[in-house]
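Structure assessment
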Amino acid sequence: MTEEIVPFQLVTLENDENVMPLVEAELNGFPIRLVVDTGASHTCLDKSAVRRCIPSALQRKRFPVREEDTAAADTVMGLGGRRLSHVLCMVNGLKIGNLVISDYRVVAVRLTNINKMLRFIGQEPIDGLMGCDLLSQYHARIDFGTMTISFCR
């Protein structure tokens, strides 16, 4: 088993006690910013990031999905129990450090409200949330002492 160690930075929200880990990654060669969210069951990407990083999504005005996912009736809940409009899509070329992830299903949602809040407090917007699905699949260990995440493949 190979271990990939990836650095993260802490984004301060309201004060030093209210922080979230942020990983710089790439999707099809485009830089993206992912918040590590252990409370998110699924990895999510902002719909605008999917359009920007997957050119075929722009051409077809729809997102690439596997046939068995097109009829998925999953409900995605946001903070406060609000239902979010979403699309399941397959991504290839998700690169986190030297870890390259292909044929991986993510949820494309609008992260508009999160990004409005981040801009309001002077932070840069994010492109997605790295959820427990990805973290558990790669046996991730988050180390706040060294500010790194270890992924095993």
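Definitions and cut-offs
Numbers given for residues are sequential positions, taken from 1 along each chain in its written order. Reporting in this predicted model follows two pLDDT cut-offs: at least 70 for local features of residues, and 80 or more for side-chain atom pairs to be given and counted; totals over whole chains, interfaces and linings ignore these cut-offs and use all residues. Note: side-chain values were computed over all heavy atoms of the structure, leaving out hydrogens and water. Elements are defined by DSSP. Helices are runs of H or I of four residues or more, strands are runs of E of two residues or more, and each kind is numbered from the N terminus. Under the scheme applied here, a residue whose accessible area is under 20% of the maximum for its type counts as buried, over 50% as exposed, and between as partly exposed, the area being computed with a 1.4 Å probe on protein chains only. To measure how exposed things are, a 1.4 Å probe is used in the Shrake-Rupley method; for residues, cover is taken only from the protein chains shown. Here a salt bridge means any side-chain nitrogen of Lys or Arg lying within 4 Å of a carboxyl oxygen belonging to Asp or Glu. Two N or O atoms count as a polar contact when they lie within 3.5 Å, although within protein this holds only if one can serve as hydrogen donor and the other as acceptor, and sequence-adjacent residues are included solely when both atoms are side-chain atoms. Pairing between strands is defined by DSSP: at least two bridges between the two strands are required. By definition, disulfides here are pairs of cysteine sulfur atoms that lie within 2.5 Å. Axes here refer to lines fitted to C-alpha atoms; in helices the fit is confined to the stretch in contact. Angles between the N-to-C directions go from 0 to 180 degrees. For every residue, the predictor assigns a confidence score, pLDDT, that lies between 0 and 100. For this analysis, residues touch if any pair of their heavy atoms sits within 4.5 Å.

Right, let's get into the overall build of the protein. Scanning the protein from N- to C-terminus turns up four helices and 14 strands. Relative to its 153 residues, the protein shows a buried fraction of 41%. Accessible surface, the protein as shown: approximately 8,700 Å² in total, 51% of it carbon and sulfur.

A separate point is the pattern of salt bridges. Summed over the entire model, instances satisfying the criterion amount to four salt bridges. In this structure, Arg-141 and Glu-3 form a salt bridge, with 2.3 Å as the shortest nitrogen-oxygen distance. Of the two residues, Arg-141 is situated in strand β13 (residues 141–143) and Glu-3 in strand β1 (residues 3–7); the sequence distance between them amounts to 138 residues. On the accessibility criterion, Glu-3 (37% relative accessible area) is partly exposed. Among the ionic pairs, Arg-153 bridges to Glu-4, the shortest N-O distance being 3.6 Å. One end of the pair, Arg-153, is in the segment after β14 (148–152); the other, Glu-4, is in strand β1, and 149 residues separate them in sequence.

Turning our attention to the side chain of Arg-33. Positionally, Arg-33 belongs in strand β4 (residues 30–36). At 3.4 Å, the side chain of Arg-33 and the backbone oxygen of Glu-124 are in polar contact. For Arg-33, the side chain forms a polar contact with the main-chain oxygen of Pro-125, separated by 2.9 Å.

Before going further, it helps to examine the pairing of β1. With burial as the criterion, only one face of β1 is covered, namely that bearing Glu-4 and Val-6; the residues Glu-3, Ile-5 and Pro-7 on the opposite face remain uncovered. Examined bridge by bridge, β1 and β14 share five bridges and lie antiparallel to one another. Across the sheet, Ile-5 pairs through a bridge with Ser-150, a residue of β14.

Tallied over the full model, the rule gives zero disulfides. For Cys-89, which is in no disulfide, the shortest distance to another cysteine sulfur is to Cys-44 and amounts to 9.9 Å.

Glancing now at the sheet that holds β13. The strand order β1-β14-β13 describes an open sheet built from three strands, whose pairing is antiparallel. In this open sheet, the two strands that pair with only one neighbour each are β1 and β13. Across this sheet, the average inter-strand angle for adjacent strands is 20 degrees, counted without regard to direction. Taken together, the three bridges between β13 and β14 define a ladder with antiparallel strand orientation. Within β14, the residue paired with Asp-143 across the bridge is Thr-148.

A few words now on the confidence of the model for the protein. In the predicted model, the protein carries a mean pLDDT of 83, and the fraction of residues at 70 or more is 79%. Long-range and interchain partners of residues 58–82, a stretch whose pLDDT sits below 50, account for 40 contacts in this model, where long-range means more than four residues apart.

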